[in-house]
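Residue-level structural notes
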Amino acid sequence: MSVEYNCILIRFGEIFLKGHNRKFFEDLLICNIKSALKPLKYTFLRSQGRYYVEDAKEETSEIVSRLTRVFGIHSVSPAVKVRTDEEELFKTAIAMSPMTGKFRVTVKRADKRLPFTSAEMAGKIGGALLKASGGKLKVDLFDYDFELNVDIRDNGYSYLFYDKIPGAGGLPVGCSGSGMLLLSGGIDSPVAGWLMAKRGVRLNAIHFHSFPYTSELALQKVKDLAARLSGYTGGVKLFVVPFTEIQYAIHEKCPESFMITIMRRFMMRIAERIARREECGAIITGESLGQVASQTMQSMNVTNSVVTLPVFRPLIGFDKEEIIDISQKIDTFDISIRPYEDCCTVFLPKNPVIRPKIGEAVEYENRLDVDALIEDAVQRTTEEFITSK
Amino acid sequence: MIYFDNAATTAVIPEAAETVVRYMTEKYFNPSAMYHEGLSVKNDIERARAGILSRIGGAQGKLYFTSGGTESDNLAFFGTKKKKNSRIIISEAEHAAVYQSAMVLKQNGFDVCMAPVDAHGAVDTDAFKELLNENTSFVSVIHVSNETGAVNDIVKLAEITKRAAPGALFHSDGVQAGGKIRINLNGAPIDLYSLSAHKIGAPKGTGALYAAKNVHLNPVIVGGGQEGGVRSSTENTAGIMAFDAAFAACTEKLNESFSNVSFIHDYIRSALAFADDIKILSPESGSPYILSFCSGSVRGEVIEHAMEREGVLVGTGSACSSNKATRRIPEALKLKGGYAEGIVRLSFSRFSTPGEAEAFVVKFKKVYEELKSHVG
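Residues numbered from 1 in each chain as written. Chains lettered and ligands numbered in written order. Predicted model: local features only at pLDDT ≥ 70, side-chain atom pairs only at ≥ 80, totals over all residues.

Some remarks on the overall build of chain B
For clarity, the threshold we go by: For the purposes of this entry, the term helix denotes a DSSP run of H or I that reaches at least four residues, the term strand denotes a run of E that reaches at least two, and both are numbered from the N terminus. This radius of gyration counts C-alpha atoms alone. The globule rule is 2.2 Å times how many residues there are, raised to the power 0.38. Comment: burial labels come from other C-beta atoms within 10 Å of the residue's own C-beta, placed from the backbone, where a count of 20 or more is buried, 12 or fewer is exposed, and between is partly exposed. In this description, a residue-residue contact is defined by the distance between C-beta atoms placed from the backbone, which must lie within 7 Å.
Helices and strands together make up the secondary structure of chain B, namely 11 helices and 12 strands. For 376 residues, the compact-globule estimate of 2.2 N^0.38 gives 21 Å, and the C-alpha radius of gyration of chain B, at 21 Å, lies within 12% of that figure. Classification of the 376 residues of chain B by burial places 52% in the buried group. Long-range pairs, those at least 24 residues apart, make up 73% of the contacts in chain B with a sequence separation of at least 6.

A closer look at the overall build of chain A
The number of helices and strands found in chain A is 13 helices and 15 strands. The C-alpha atoms of chain A give a radius of gyration of 27 Å, which is well past the 21 Å a tight globule of 389 residues would have. On the principal axes, the C-alpha backbone points of chain A span a range of 85 × 35 × 35 Å. In chain A, which comprises 389 residues, the proportion classed as buried is 43%.

A short note on helix α4 (residues 118-133) of chain A
The α-helix winds at 3.6 residues per turn, so residues separated by three or four positions along the chain end up facing the same way. All names here are of chain A. Worth spelling out the cut-off: What a helix should span is 1.5 Å times the count of its residues minus one. Picture the helix axis, draw a direction to every C-beta atom, and the arc is the one those directions span.
In this model α4 runs 23 Å from its N-terminal to its C-terminal C-alpha over 16 residues, within 8% of the 22 Å that 1.5 Å per residue would give. For α4, the full list of buried residues reads Met121, Ala122, Ile125 and Leu129. In a view along the axis of α4, the buried residues occupy a sector of 105°, so they form one face of it. In α4, the exposed residues that point more than 90 degrees away from the buried face are Ala119 and Lys131. Looking at the buried residues of α4, the elements they touch are α3 (86-96), β5 (101-109), β6 (137-139) and β7 (146-152).

Some thoughts on the nonpolar core
The nonpolar side chains of soluble globular proteins are, as a tendency, buried together. To keep it simple, the criterion reads: Only buried residues count toward a nonpolar core: Ala, Val, Leu, Ile, Met, Phe, Trp, Tyr and Cys, linked into one set through C-beta atoms within 7 Å. A domain assignment, automatic or from a database, supplies the domain bounds used here.
One finds Leu192, Ala208, Leu209, Tyr210, Ala242 and Ala246 of chain B to be the most contacted residues of the largest nonpolar core, which totals 108 residues. It is helix α7 (residues 237-252) of chain B that contributes the most residues to this core, 10 residues altogether. Mapped onto the domain boundaries, this core takes at least three residues apiece from domain 1 (14-251) and domain 2 (254-371) of chain B. If we skip the residues at most four places from it in the chain, tyrosine 210 of chain B touches Ile56, Gly58, Gly61, Leu63, Leu185, Leu192 and Tyr193 of chain B. In terms of nonpolar packing, the next biggest core, distinct from the first, is built from 102 residues, Ala197, Phe243, Cys280 and Ile323 of chain A among them.

Some words on the pairing of strand β11 (residues 202-209) of chain A
All names here are of chain A. Stated formally: Strands were regarded as paired on the criterion that DSSP finds at least two bridges between them.
Most of β11 is tucked away, with 8 of its 8 residues classed as buried. Along β11, one buried face is formed by Arg202, Asn204, Ile206 and Phe208 and the opposite face, lined by Leu203, Ala205, His207 and His209, is buried too. Pairing of strand β10 (residues 178-182) with β11 involves 5 bridges; the strand directions are parallel. Bridge pairing in β11 places methionine 180 opposite asparagine 204.

Things to note about the environment of glycine 149 of chain B
Residue and element names in this part refer to chain B. Relative to the helices and strands, glycine 149 is located in the loop between β5 (136-140) and α6 (154-164). Residue classification places glycine 149 among the buried residues on the basis of 30 C-beta atoms within 10 Å. Here the alpha-carbon distance between glycine 149 and glycine 286, two residues 137 residues apart in the chain, equals 5.4 Å. Contacts of glycine 149, omitting those with residues within four sequence positions, involve Val144, Ser282, Gly286, Ser287, Tyr289, Ile290, Leu291 and Ser292.

Section: the domain arrangement of chain B
All names here are of chain B. Inclusion rule: The nonpolar class holds Ala, Val, Leu, Ile, Met, Phe, Trp, Tyr, Cys and Pro. Asp, Glu, Lys and Arg form the charged class, and all remaining residues, Gly among them, are polar.
Assigned domains of chain B: these are domain 1 (14-251) and domain 2 (254-371). Put simply, the middle of domain 1 and the middle of domain 2, counted by C-alpha atoms, are 27 Å apart. In this complex, domain 1 contributes 19 residues to the contact, which on the side of domain 2 involves 17 residues. When the residues that make up the side of domain 1 that touches domain 2 are grouped by side-chain class, the tally is 9 nonpolar, 6 polar and 4 charged.

Digging into unusual backbone geometry
Backbone geometry follows two general trends: most residues other than glycine have a negative phi, and most peptide bonds adopt the trans configuration. Residue and element names in this part refer to chain A. Proline 39 follows lysine 38 through a cis peptide bond whose omega is -5°. Mapped onto the elements, proline 39 comes out in the loop between α1 (22-37) and β2 (43-47). The residue after phenylalanine 211, namely proline 212, is reached through a cis peptide bond having omega 5°. Residue position: proline 212 is located in the loop between β11 and α6 (216-233).

A short note on the sheet that holds strand β13 (residues 282-284) of chain A
Residue and element names in this part refer to chain A. A sheet is described by the order of its strands in space; here 6 strands give the open sequence β14-β13-β10-β11-β12-β15, paired in mixed fashion. Either end of the sheet is taken by a strand with one partner, and the two such strands are β14 (311-312) and β15 (382-386). Pairing between β13 and β14: 2 bridges, direction parallel. The residue bridging isoleucine 283 from the neighbouring strand is valine 311, located in β14.

Looking at the sheet that holds β5 of chain B
All names here are of chain B. What counts here: To obtain each axis, a line is fitted to C-alpha atoms, and for helices this fit is confined to the stretch in contact; angles are then taken between N-to-C directions over 0 to 180 degrees.
Spatially, β2-β8-β7-β6-β5-β3-β4 is the arrangement adopted by the 7 strands of the open sheet, whose pairing is mixed. Strands with a single pairing partner mark the edges of an open sheet, and in this sheet they are β2 (62-66) and β4 (111-115). Sheet twist, expressed as the mean angle between neighbouring strand axes with direction ignored, is 20°. Across the sheet, helix α4 (residues 96-107) lies against β3 (87-91), β4, β5 and β6 (169-173), angled at about 160° from β3, the strand it touches most.

Side note on the domain arrangement of chain A
By a widely used convention, the size of an interface equals the accessible area lost when the partners come together. Domain boundaries assigned for chain A yield domain 1 (7-166) and domain 2 (178-386). For domain 1 of chain A and domain 2 of chain A, the distance between their C-alpha centroids amounts to 44 Å.

Topic: the packing of α1 of chain A against helix α2 (residues 60-67) of chain A
Residues and elements named next belong to chain A. What counts is decided by this rule: Between 65 and 115 degrees an angle is taken as roughly perpendicular, under 35 as roughly parallel, over 145 as roughly antiparallel, and anywhere else as oblique. Helix crossings fall into two classes, left-handed where the near helix is turned counterclockwise from the far one by less than a right angle and right-handed where it is turned clockwise.
It is at 9 Å that the axes of α1 and α2 come closest, and there the two elements cross at 135°. In terms of orientation, α1 and α2 fall into the oblique class. In this structure, α1 meets α2 at a crossing whose hand is right-handed. Contacts from Ile33, Ala36 and Leu37 of α1 reach α2 at Ile63, Arg66 and Leu67. The residue makeup of the contact of α1 with α2, split by class, is 5 nonpolar, no polar and 1 charged.

Looking at the pairing of β5 of chain B
All names here are of chain B. By the criterion of burial, β5 is predominantly enclosed, with 5 of the 5 residues buried. In this sheet, β5 lies alongside β3 in parallel orientation, the contact comprising 4 bridges. Its bridge partner lying in β5, isoleucine 88 is registered against phenylalanine 138. Bridge count between β5 and β6: 3 bridges; the pairing is parallel.

Digging into helix α8 (residues 259-277) of chain A
The end-to-end C-alpha distance of α8 of chain A is 27 Å, a good match for the 27 Å that 19 residues give at a rise of 1.5 Å each. Remark: glutamate 279 of chain A follows α8 of chain A within two positions and exhibits a positive phi of approximately 60°.

Observations regarding the packing of helix α2 (residues 36-55) of chain B against α7 of chain B
Residues and elements named next belong to chain B. Orientation of α2 relative to α7, taken along the N-to-C sense of each, is 35°, at an axis distance of 9 Å. Crossing of α2 against α7: the hand is left-handed. Only Thr237, Ile240, Met241, Asp244, Phe247, Ala248 and Thr251 of α7 make contact with α2, whose side of the interface consists of Val41, Asp44, Ile45, Ala48, Gly51, Ile52 and Arg55. Each residue belonging to the contact of α2 with α7 can be placed in one class, and the counts come to 8 nonpolar, 3 polar and 3 charged.

Quick look at the confidence of the model for chain B
Residue and element names in this part refer to chain B. Selection criterion: pLDDT expresses, on a scale from 0 to 100, how confident the predictor is about each individual residue.
For chain B, per-residue confidence averages 95 on the pLDDT scale, and 97% of positions sit at 70 or higher. Contacts for the low-pLDDT stretch residues 318-322, under 50 throughout, to residues beyond four places or in other chains number 16 contacts. Here the prediction assigns the complex a pTM of 0.83, and the interface score ipTM is 0.75.

Here is the structure:
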């Protein structure tokens, strides 16, 4: 291609469906786009339900890579922007064309004042390409090698482009409120967070750290995962809860088989405490039904019963392989498989209870000073705002 | 802070650091340059080479500078000629640099055998003998075990090798031996010997491979033909000169350091008897610089982190129970159950003090009792 892309066209997805609230969604999306493109210099334009990023100094590929991580964007296209002028359009179309193979030209004419229809203009541009190629190009409207799109806007400019690169889809982060993600360091929890962020949830994350049973490397892994998620959400507030004392207490006073169940009830309680303080509307976990003993219906009932905030489990019906596929797509897999212990593998019972009952858990917890343990852990919790940069 | 992980790496000693600065800011010239300054640096490198060779009793052989112990081991494995599909013997408790090199040769069709080690990590001579046959082309046995400090009698093993397979080459990884125990390759049937600089107070990034007089090495890294064409790349003059300075300093105090470190080793060793679920892995007659033990009830990693909180840095044998690569050594030492995951390695330097040993014992007892009360 002998002409450079000078503009990126952004189409948004589901926001189209919104009625009176559309402005709220759009403002949020634009804010998220601008945050994702920081600190690059560019001109941002809105026109007829599309956005344009123009005059950027940065490589087009870098901008595209950042934009395709912004939830709410349906697709983006690197484009060449020219004045709407027949000769200019022909010249640019020729410069962009590979000059061999089968093609079609699709014109969309928003500017209805122009003295030609979209089909007529497509024919004219197609004709110019055919002539310039000296017979090497062929028109085929259905079975084509490339499709040149020409959007003629009502601002006196036209945009020529080939690719529609799929965006991340979903809704702009923040439009659905905030959530508190239980982030362990494994494969599942970052995927769960990503899926909820895709539905517009701003992410906070909470990690339970069992030093000296888990290392600083394990904590670094969680921070790296949060940084990866930040690439999609603009930032993640990470809360690190010291968990060793609680594990000691459970280990000492409760039956081994209930270790994980009671541990998870503590995690949920602490997550809810901090979630409410941070004005989160839900707790998010990476649980998938039946994956391990603590993820049976009965176990989830017992751990769920200590909180009143809704608990979102976006992976509940996913197979492990499906989860891994997403984790690879969002680049968290390589971090998740770093071989460090997480707090759940410490004091791991040989035979964890698979169908615990709430009554039993409550009975065992009566042996502990639950409130004091939680208060102490929350007091010593640290927080850090993690960005992708 | 008490630093008992000197087998991982050491602090750079002032003499070595000063040498580095001098060769980076004053004598920075390319040793291959034809002007006087270049030649002068080249002569310095040759002096360092001769100095290191003399300290290992290798004056009859050659020394090639490399980027470290790992590269030296790789060069020994991949730079030597070996008959196709012939037998290669390494010990079960080799450092990963040797083990992984052997695994590459195994994939290439060589018959790689592992010589078993005893519970202290030293090669079992009788079992070793049985593996040798006429078809053996290469043997590699670590001199001082980086896991336990066990010292293999490499001269004897090399002699046995040459009797059974006269054409075979004998290599030893001497990374934990150099500058710490007496090495004398003079007259020994040892063909190749690896050394590293950063274990004895020089910076990371420098090592050397000794090759006996008639051993031919093909380059693994090609280029400008430095190091006699065996290892191209502009010489790391600062690293090489610092290596020489550190090695000289260690050798000068070798006996004195050995007895000081032995005192520390023995002190902690006997103090560890307080716990009935701690087994000492290091042999009594090994290198005093390493003291390995394992706990049957607390994972090594947990001890490491708990000691870290007390300001004591130690090493572990096993990074994580779920990590397959870390099971090789515990299996070789035939450790069972919790002991396999409970390895802790203390490693000292000649600057370690009895006071540090005492403080270590106090802190360790406290930490260990505490950890055990929770997991026991």
